[in-house]
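# Observations on chain architecture
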Amino acid sequence: MFSTRSRAQRLTGLTALAMAGTLTLSACGGGGSTDAAGEGGGEEVSDAAITFIPKQLNNPYTDVVLGGGEGAAEAAGFAEANVVGPLEASASSQVTFINAETQAGTNAIAIAANDPDAVCGALGEARSAGAKIVAFDSDTNPDCRDLFVNQVNAKDVALIQLEMISEQIGGEGKIAILSATANATNQNEWIKYMEEELASNPEYGNIELVAKVYGDDDDNKSFQEAQGLLQAHPDLKGIISPTTVGIAATARYLSTSEHKGEVALTGLGLPNEMRSFVKDGTVSEFALWDPAQLGEVAAHAAKALVDGTITGEPGDTFTAGELGERTVEEGGTVVVGPPTEFSADNIDDYDF
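Here's a quick rundown of the structure. (Residues numbered from 1 in each chain as written. Predicted model: local features only at pLDDT ≥ 70, side-chain atom pairs only at ≥ 80, totals over all residues. Heavy atoms only, no water.)

This next bit is on the packing of helix 9 (residues 244-255) against helix 10 (residues 271-279). Contact geometry for helix 9 and helix 10: axes closest at 10 Å, N-to-C directions at 25°. When the axis of helix 9 is compared with that of helix 10, the two are roughly parallel. Remark: the crossing between helix 9 and helix 10 carries left-handed chirality. Mapping the contact onto sequence places Thr244, Ile247, Ala248, Ala251, Arg252 and Ser255 in helix 9 and Glu273, Met274 and Phe277 in helix 10. (Axes fitted to C-alpha atoms, helices over the stretch in contact; angles between N-to-C directions. Helix = DSSP H or I, 4+ residues; strand = E, 2+ residues; numbered from the N terminus. Parallel < 35°, antiparallel > 145°, perpendicular 65-115°, else oblique. Left-handed = near helix turned anticlockwise from the far one by under 90°. Contact = heavy atoms within 4.5 Å.)

Printed below as a string of C-alpha coordinates:
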(Lines give C-alpha, C1' and ligand atoms only; values in the text may rest on other atoms or scores of the structure.)
Protein backbone atom coordinates (compact mmCIF):
# COMPACT_ATOMS: atom_id res chain seq x y z
CA MET A 1 0.00 0.00 0.00
CA PHE A 2 1.40 3.38 -1.00
CA SER A 3 2.33 5.70 1.85
CA THR A 4 3.67 9.21 2.08
CA ARG A 5 4.92 11.12 5.06
CA SER A 6 2.71 14.07 6.02
CA ARG A 7 3.98 17.63 6.38
CA ALA A 8 3.36 17.48 10.13
CA GLN A 9 5.45 14.33 10.38
CA ARG A 10 8.21 15.95 8.34
CA LEU A 11 8.29 18.99 10.59
CA THR A 12 8.34 16.77 13.67
CA GLY A 13 11.34 15.00 12.19
CA LEU A 14 13.06 18.29 11.50
CA THR A 15 12.52 19.38 15.08
CA ALA A 16 14.06 16.17 16.31
CA LEU A 17 16.98 16.73 13.96
CA ALA A 18 17.60 20.18 15.32
CA MET A 19 17.52 18.87 18.91
CA ALA A 20 19.52 15.71 18.47
CA GLY A 21 21.68 16.52 15.46
CA THR A 22 20.64 13.36 13.69
CA LEU A 23 17.55 12.07 11.94
CA THR A 24 16.39 8.48 12.11
CA LEU A 25 13.82 7.56 9.50
CA SER A 26 11.37 4.73 9.76
CA ALA A 27 11.20 4.40 5.94
CA CYS A 28 8.99 1.34 6.14
CA GLY A 29 9.45 0.73 2.41
CA GLY A 30 13.08 1.79 2.31
CA GLY A 31 14.65 -1.61 2.36
CA GLY A 32 13.06 -2.68 -0.90
CA SER A 33 14.66 -5.44 -2.91
CA THR A 34 16.90 -4.30 -5.75
CA ASP A 35 18.21 -7.65 -6.92
CA ALA A 36 16.93 -7.55 -10.49
CA ALA A 37 17.28 -3.82 -10.92
CA GLY A 38 20.80 -3.82 -9.60
CA GLU A 39 21.79 -6.26 -12.32
CA GLY A 40 20.02 -4.28 -15.04
CA GLY A 41 17.39 -6.98 -15.34
CA GLY A 42 14.53 -4.55 -15.89
CA GLU A 43 12.18 -6.22 -13.39
CA GLU A 44 9.84 -3.99 -11.42
CA VAL A 45 10.72 -3.48 -7.76
CA SER A 46 7.34 -3.51 -6.03
CA ASP A 47 8.32 -2.33 -2.53
CA ALA A 48 10.64 0.54 -3.48
CA ALA A 49 10.77 3.87 -1.64
CA ILE A 50 11.72 7.29 -2.94
CA THR A 51 12.68 10.35 -0.93
CA PHE A 52 12.64 13.89 -2.29
CA ILE A 53 15.19 16.32 -0.84
CA PRO A 54 14.44 19.87 -2.08
CA LYS A 55 16.66 22.91 -1.59
CA GLN A 56 14.44 23.91 1.30
CA LEU A 57 11.02 23.15 2.70
CA ASN A 58 8.14 25.63 2.87
CA ASN A 59 8.98 27.22 -0.48
CA PRO A 60 5.86 27.77 -2.65
CA TYR A 61 7.63 26.72 -5.86
CA THR A 62 9.05 23.65 -4.15
CA ASP A 63 5.64 22.72 -2.80
CA VAL A 64 4.26 22.55 -6.34
CA VAL A 65 7.22 20.46 -7.55
CA LEU A 66 6.91 18.06 -4.63
CA GLY A 67 3.16 17.76 -5.06
CA GLY A 68 3.72 16.58 -8.61
CA GLY A 69 6.52 14.28 -7.52
CA GLU A 70 4.66 12.59 -4.68
CA GLY A 71 1.60 12.01 -6.82
CA ALA A 72 3.64 10.58 -9.67
CA ALA A 73 5.62 8.36 -7.29
CA GLU A 74 2.48 6.34 -6.58
CA ALA A 75 1.58 6.18 -10.26
CA ALA A 76 5.12 5.06 -11.10
CA GLY A 77 4.88 2.16 -8.65
CA PHE A 78 6.77 3.32 -5.58
CA ALA A 79 5.40 1.84 -2.35
CA GLU A 80 6.43 4.89 -0.36
CA ALA A 81 7.33 8.52 -1.06
CA ASN A 82 8.87 10.80 1.55
CA VAL A 83 9.99 14.41 1.65
CA VAL A 84 12.76 15.61 3.95
CA GLY A 85 15.01 18.62 3.76
CA PRO A 86 16.37 21.78 5.33
CA LEU A 87 14.43 24.88 6.23
CA GLU A 88 17.35 26.99 4.99
CA ALA A 89 18.97 26.70 1.55
CA SER A 90 22.64 26.59 2.55
CA ALA A 91 25.36 24.66 0.72
CA SER A 92 25.80 21.80 3.21
CA SER A 93 22.29 21.75 4.70
CA GLN A 94 21.18 18.66 2.76
CA VAL A 95 24.02 16.32 3.75
CA THR A 96 22.50 15.09 7.02
CA PHE A 97 19.26 14.21 5.24
CA ILE A 98 21.09 12.27 2.53
CA ASN A 99 23.01 10.32 5.18
CA ALA A 100 19.79 9.46 6.99
CA GLU A 101 18.23 8.15 3.76
CA THR A 102 21.30 6.02 3.12
CA GLN A 103 20.98 4.48 6.58
CA ALA A 104 17.27 3.88 5.97
CA GLY A 105 18.00 1.98 2.75
CA THR A 106 15.93 4.27 0.54
CA ASN A 107 15.91 3.01 -3.05
CA ALA A 108 15.87 6.39 -4.78
CA ILE A 109 16.80 9.92 -3.76
CA ALA A 110 15.57 12.86 -5.83
CA ILE A 111 17.49 16.00 -4.86
CA ALA A 112 17.57 19.65 -5.88
CA ALA A 113 21.11 20.56 -4.92
CA ASN A 114 21.91 23.76 -3.06
CA ASP A 115 25.53 23.27 -4.07
CA PRO A 116 26.74 20.96 -6.87
CA ASP A 117 29.70 19.60 -4.91
CA ALA A 118 28.81 19.88 -1.21
CA VAL A 119 26.38 16.95 -1.46
CA CYS A 120 28.61 14.69 -3.53
CA GLY A 121 30.31 12.79 -0.72
CA ALA A 122 27.02 11.87 0.88
CA LEU A 123 25.42 10.98 -2.45
CA GLY A 124 28.40 8.75 -3.25
CA GLU A 125 27.78 6.79 -0.07
CA ALA A 126 24.09 6.51 -0.93
CA ARG A 127 24.92 5.16 -4.39
CA SER A 128 27.39 2.68 -2.92
CA ALA A 129 24.57 1.45 -0.69
CA GLY A 130 22.39 0.86 -3.75
CA ALA A 131 20.32 4.05 -4.03
CA LYS A 132 19.60 5.62 -7.41
CA ILE A 133 20.16 9.39 -7.49
CA VAL A 134 18.05 11.76 -9.58
CA ALA A 135 18.92 15.45 -9.42
CA PHE A 136 16.07 17.78 -10.32
CA ASP A 137 15.71 21.55 -10.70
CA SER A 138 19.32 22.24 -9.62
CA ASP A 139 21.99 19.75 -10.65
CA THR A 140 24.76 18.12 -8.68
CA ASN A 141 28.17 17.45 -10.14
CA PRO A 142 27.31 14.92 -12.89
CA ASP A 143 29.61 12.34 -11.30
CA CYS A 144 27.38 12.32 -8.21
CA ARG A 145 24.06 11.25 -9.73
CA ASP A 146 22.46 8.94 -12.27
CA LEU A 147 20.21 11.49 -13.98
CA PHE A 148 19.41 15.18 -13.95
CA VAL A 149 15.83 16.22 -14.68
CA ASN A 150 16.08 19.75 -16.04
CA GLN A 151 13.09 22.07 -16.29
CA VAL A 152 14.01 23.27 -19.76
CA ASN A 153 17.04 23.90 -21.87
CA ALA A 154 19.15 26.22 -19.71
CA LYS A 155 20.08 28.60 -22.50
CA ASP A 156 16.43 28.97 -23.51
CA VAL A 157 15.56 30.00 -19.94
CA ALA A 158 18.28 32.65 -19.99
CA LEU A 159 17.37 34.04 -23.39
CA ILE A 160 13.64 34.31 -22.71
CA GLN A 161 14.33 36.40 -19.61
CA LEU A 162 16.68 38.70 -21.53
CA GLU A 163 14.13 39.10 -24.30
CA MET A 164 11.44 40.06 -21.81
CA ILE A 165 13.54 42.62 -19.93
CA SER A 166 14.80 44.13 -23.19
CA GLU A 167 11.26 44.62 -24.45
CA GLN A 168 10.15 46.11 -21.15
CA ILE A 169 12.96 48.69 -20.94
CA GLY A 170 12.97 49.60 -24.63
CA GLY A 171 16.27 47.88 -25.36
CA GLU A 172 18.49 50.18 -23.30
CA GLY A 173 19.45 50.98 -19.74
CA LYS A 174 20.97 49.46 -16.63
CA ILE A 175 19.69 46.16 -15.29
CA ALA A 176 20.46 43.94 -12.30
CA ILE A 177 19.93 40.29 -11.41
CA LEU A 178 18.46 39.18 -8.08
CA SER A 179 19.23 35.48 -7.83
CA ALA A 180 18.75 32.73 -5.24
CA THR A 181 21.88 31.31 -3.60
CA ALA A 182 25.35 32.09 -4.92
CA ASN A 183 26.08 28.39 -5.46
CA ALA A 184 22.79 27.28 -7.05
CA THR A 185 23.69 25.35 -10.20
CA ASN A 186 20.65 26.29 -12.24
CA GLN A 187 20.76 29.99 -11.33
CA ASN A 188 24.44 30.30 -12.17
CA GLU A 189 24.04 28.54 -15.49
CA TRP A 190 21.19 30.87 -16.50
CA ILE A 191 23.17 33.92 -15.41
CA LYS A 192 26.21 32.72 -17.36
CA TYR A 193 24.16 32.49 -20.56
CA MET A 194 22.62 35.91 -19.90
CA GLU A 195 26.07 37.48 -19.50
CA GLU A 196 27.36 35.79 -22.64
CA GLU A 197 24.36 36.96 -24.65
CA LEU A 198 24.65 40.51 -23.36
CA ALA A 199 28.31 40.57 -24.36
CA SER A 200 27.88 39.04 -27.82
CA ASN A 201 24.46 40.03 -29.15
CA PRO A 202 24.37 43.54 -30.68
CA GLU A 203 20.62 43.70 -29.95
CA TYR A 204 21.58 44.10 -26.30
CA GLY A 205 24.45 46.50 -26.88
CA ASN A 206 22.70 49.31 -24.99
CA ILE A 207 21.85 47.20 -21.96
CA GLU A 208 24.32 47.17 -19.07
CA LEU A 209 24.28 44.57 -16.28
CA VAL A 210 25.44 46.57 -13.25
CA ALA A 211 24.85 44.19 -10.33
CA LYS A 212 24.16 40.61 -9.25
CA VAL A 213 22.77 40.05 -5.76
CA TYR A 214 21.55 36.97 -3.90
CA GLY A 215 18.43 36.66 -1.77
CA ASP A 216 19.12 33.02 -0.80
CA ASP A 217 15.53 32.14 -1.71
CA ASP A 218 14.50 33.87 1.49
CA ASP A 219 11.57 36.27 1.18
CA ASN A 220 12.83 38.89 3.63
CA LYS A 221 16.40 38.87 2.35
CA SER A 222 15.22 39.06 -1.26
CA PHE A 223 12.99 42.02 -0.38
CA GLN A 224 15.96 43.78 1.27
CA GLU A 225 18.24 43.01 -1.67
CA ALA A 226 15.70 44.50 -4.08
CA GLN A 227 15.49 47.62 -1.94
CA GLY A 228 19.30 47.78 -1.80
CA LEU A 229 19.58 47.54 -5.59
CA LEU A 230 17.42 50.62 -6.09
CA GLN A 231 19.28 52.54 -3.40
CA ALA A 232 22.66 51.67 -4.93
CA HIS A 233 21.49 52.21 -8.53
CA PRO A 234 18.76 54.87 -8.60
CA ASP A 235 18.91 54.91 -12.42
CA LEU A 236 18.23 51.17 -12.69
CA LYS A 237 15.76 50.38 -15.48
CA GLY A 238 15.06 46.72 -14.84
CA ILE A 239 15.56 43.69 -12.62
CA ILE A 240 15.67 40.03 -13.64
CA SER A 241 14.93 37.60 -10.82
CA PRO A 242 15.24 33.98 -12.03
CA THR A 243 13.79 32.61 -8.80
CA THR A 244 10.16 32.44 -7.70
CA VAL A 245 10.91 33.67 -4.19
CA GLY A 246 13.03 36.54 -5.47
CA ILE A 247 10.64 37.81 -8.11
CA ALA A 248 7.67 37.77 -5.72
CA ALA A 249 9.62 39.61 -3.01
CA THR A 250 10.92 42.16 -5.51
CA ALA A 251 7.43 42.71 -6.89
CA ARG A 252 6.15 43.29 -3.37
CA TYR A 253 8.80 45.94 -2.79
CA LEU A 254 8.25 47.67 -6.13
CA SER A 255 4.45 47.64 -5.79
CA THR A 256 4.51 50.10 -2.87
CA SER A 257 7.57 52.13 -3.86
CA GLU A 258 8.16 55.16 -6.02
CA HIS A 259 9.74 52.83 -8.57
CA LYS A 260 6.47 51.11 -9.49
CA GLY A 261 5.92 51.50 -13.20
CA GLU A 262 9.41 52.96 -13.61
CA VAL A 263 11.57 49.88 -12.98
CA ALA A 264 10.70 46.78 -14.99
CA LEU A 265 10.73 43.38 -13.30
CA THR A 266 10.75 39.98 -14.95
CA GLY A 267 12.14 36.51 -14.32
CA LEU A 268 10.68 33.20 -13.19
CA GLY A 269 7.55 33.24 -11.05
CA LEU A 270 4.46 31.33 -10.01
CA PRO A 271 1.25 32.66 -11.59
CA ASN A 272 -0.69 32.48 -8.32
CA GLU A 273 1.95 34.52 -6.50
CA MET A 274 2.42 37.05 -9.30
CA ARG A 275 -1.20 37.55 -10.38
CA SER A 276 -1.90 40.60 -8.20
CA PHE A 277 1.35 42.27 -9.29
CA VAL A 278 0.50 41.75 -12.96
CA LYS A 279 -2.99 43.14 -12.47
CA ASP A 280 -1.81 46.22 -10.56
CA GLY A 281 0.83 47.04 -13.19
CA THR A 282 3.95 46.25 -11.14
CA VAL A 283 4.94 43.43 -13.52
CA SER A 284 4.00 43.12 -17.17
CA GLU A 285 5.41 39.69 -18.07
CA PHE A 286 7.39 36.81 -16.57
CA ALA A 287 7.92 33.13 -17.34
CA LEU A 288 8.01 29.64 -15.86
CA TRP A 289 7.42 26.00 -16.72
CA ASP A 290 4.87 23.84 -14.91
CA PRO A 291 6.74 22.94 -11.70
CA ALA A 292 4.53 19.93 -10.97
CA GLN A 293 5.74 18.29 -14.20
CA LEU A 294 9.32 18.59 -12.96
CA GLY A 295 8.46 16.45 -9.94
CA GLU A 296 6.45 14.04 -12.06
CA VAL A 297 9.28 13.36 -14.50
CA ALA A 298 11.78 13.01 -11.64
CA ALA A 299 9.61 10.36 -9.95
CA HIS A 300 9.13 8.31 -13.13
CA ALA A 301 12.83 8.57 -13.98
CA ALA A 302 13.76 7.36 -10.52
CA LYS A 303 11.46 4.33 -10.79
CA ALA A 304 12.89 3.43 -14.19
CA LEU A 305 16.38 3.54 -12.67
CA VAL A 306 15.36 1.44 -9.68
CA ASP A 307 13.68 -1.14 -11.94
CA GLY A 308 16.74 -1.22 -14.21
CA THR A 309 14.79 -0.34 -17.36
CA ILE A 310 17.21 2.57 -17.86
CA THR A 311 20.74 3.23 -16.61
CA GLY A 312 20.96 6.95 -17.31
CA GLU A 313 22.91 6.60 -20.54
CA PRO A 314 22.15 8.94 -23.47
CA GLY A 315 19.45 7.41 -25.65
CA ASP A 316 17.66 5.63 -22.80
CA THR A 317 13.91 6.17 -22.88
CA PHE A 318 11.19 5.85 -20.27
CA THR A 319 7.53 6.82 -19.96
CA ALA A 320 6.72 9.65 -17.55
CA GLY A 321 3.08 8.74 -17.01
CA GLU A 322 0.63 10.99 -18.84
CA LEU A 323 3.50 13.28 -19.86
CA GLY A 324 4.66 10.65 -22.31
CA GLU A 325 8.04 9.34 -23.33
CA ARG A 326 11.25 11.06 -22.29
CA THR A 327 14.73 10.47 -23.69
CA VAL A 328 17.98 10.78 -21.76
CA GLU A 329 20.21 13.32 -23.47
CA GLU A 330 23.95 13.93 -23.31
CA GLY A 331 25.26 14.39 -19.82
CA GLY A 332 22.52 12.20 -18.38
CA THR A 333 19.94 14.98 -18.67
CA VAL A 334 16.19 14.72 -19.18
CA VAL A 335 14.36 17.90 -20.26
CA VAL A 336 10.77 18.44 -19.10
CA GLY A 337 9.56 21.10 -21.52
CA PRO A 338 9.62 24.74 -22.67
CA PRO A 339 8.73 27.68 -20.41
CA THR A 340 5.48 29.63 -20.67
CA GLU A 341 5.31 33.44 -20.67
CA PHE A 342 2.66 34.92 -18.39
CA SER A 343 1.01 38.32 -18.77
CA ALA A 344 -2.34 39.94 -18.10
CA ASP A 345 -3.63 38.22 -21.25
CA ASN A 346 -3.23 34.66 -19.98
CA ILE A 347 -2.35 34.58 -16.27
CA ASP A 348 -5.90 33.73 -15.21
CA ASP A 349 -5.70 30.58 -17.31
CA TYR A 350 -3.22 29.04 -14.85
CA ASP A 351 -3.60 27.89 -11.26
CA PHE A 352 -0.28 26.99 -9.61
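Under the criterion given, the structure shown has one cavity of 30 Å³ or more. In this model, the largest cavity occupies a volume close to 200 Å³. If you trace the largest cavity, you find 22 residues lining it, with Lys55, Tyr61, Asp137, Asn186 and Asp217 closest to the centre. Looking at the lining of the largest cavity, the elements that each hand over two or more residues are helix 3 (60-76) and helix 7 (185-200). Class assignment of the residues belonging to the lining of the largest cavity gives a composition of eleven nonpolar, eight polar and three charged. (1 Å grid on protein atoms, 1.4 Å probe; cavity = no way out; pocket = protein on both sides within 12 Å on 5 of 7 lines; lining within 4 Å. Points joined across faces, edges and corners; volume = space filled by probe spheres on them. Nonpolar A, V, L, I, M, F, W, Y, C, P; charged D, E, K, R; others polar.)

What follows is about the pattern of salt bridges. On inspection of all chains with the given rule, the structure shows twelve salt bridges. Two residues, Glu44 and Lys303, come together in a salt bridge whose shortest N-O distance is 3.8 Å. In this pair, Glu44 is assigned in the loop between helix 2 (35-38) and strand 2 (49-53) and Lys303 in helix 11 (residues 291-307), connecting sequence segments 259 residues apart. On the basis of relative accessibility, which here comes to 58%, the residue Glu44 falls in the exposed class. For Lys303, a relative accessible area of 2% translates into the label buried. A salt bridge links Lys221 to Asp216; the nearest nitrogen and oxygen atoms lie 2.8 Å apart. Look at Asp216 and you get partly exposed, because its relative accessible area is 30%. (Salt bridge = Lys/Arg side-chain N within 4 Å of Asp/Glu carboxyl O. Buried < 20%, exposed > 50% of the residue type's maximum accessible area, 1.4 Å probe, protein only.)

Moving on, we get to the packing of helix 4 (residues 95-104) against helix 5 (residues 120-128). Here helix 4 crosses helix 5 at 10°, and the two axes come no closer than 9 Å. Here helix 4 is positioned roughly parallel relative to helix 5, judged by the angle of their axes. Between helix 4, through Val95, Ile98, Asn99 and Thr102, and helix 5, the contact on the second element is made entirely by Ala122, Leu123, Glu125 and Ala126. Of the residues in the contact of helix 4 with helix 5, the class split is five nonpolar, two polar and one charged.

What follows concerns the sheet that holds strand 8 (residues 207-214). Two strands in a sheet stick together by hydrogen bonds in their backbones, pointing the same way (parallel) or opposite ways (antiparallel). If you trace the four strands from one edge of the open sheet to the other, you get 8-7-9-10, paired in parallel fashion. Since the sheet does not close on itself, it has two edges, and those belong to strand 8 and strand 10 (264-267), each with one partner. Within the sheet, the average angular offset between the axes of one strand and its neighbour, ignoring direction, is 25°. Two strands pair when backbone bridges link them, and strand 9 (residues 236-241) and strand 10 are joined in this way by four bridges, in the parallel orientation. Directly across from Ile239, in strand 10, lies its bridge partner Leu265. Sheet strands touched by helix 8 (residues 219-232): strand 7 (173-179), strand 8 and strand 9. Its angle to strand 8, the strand with the most contacts, is close to 145°. Strands strand 7, strand 9 and strand 10 of the sheet are contacted by helix 9, whose axis makes an angle of about 165° with strand 10. (Pairing = 2+ DSSP bridges.)

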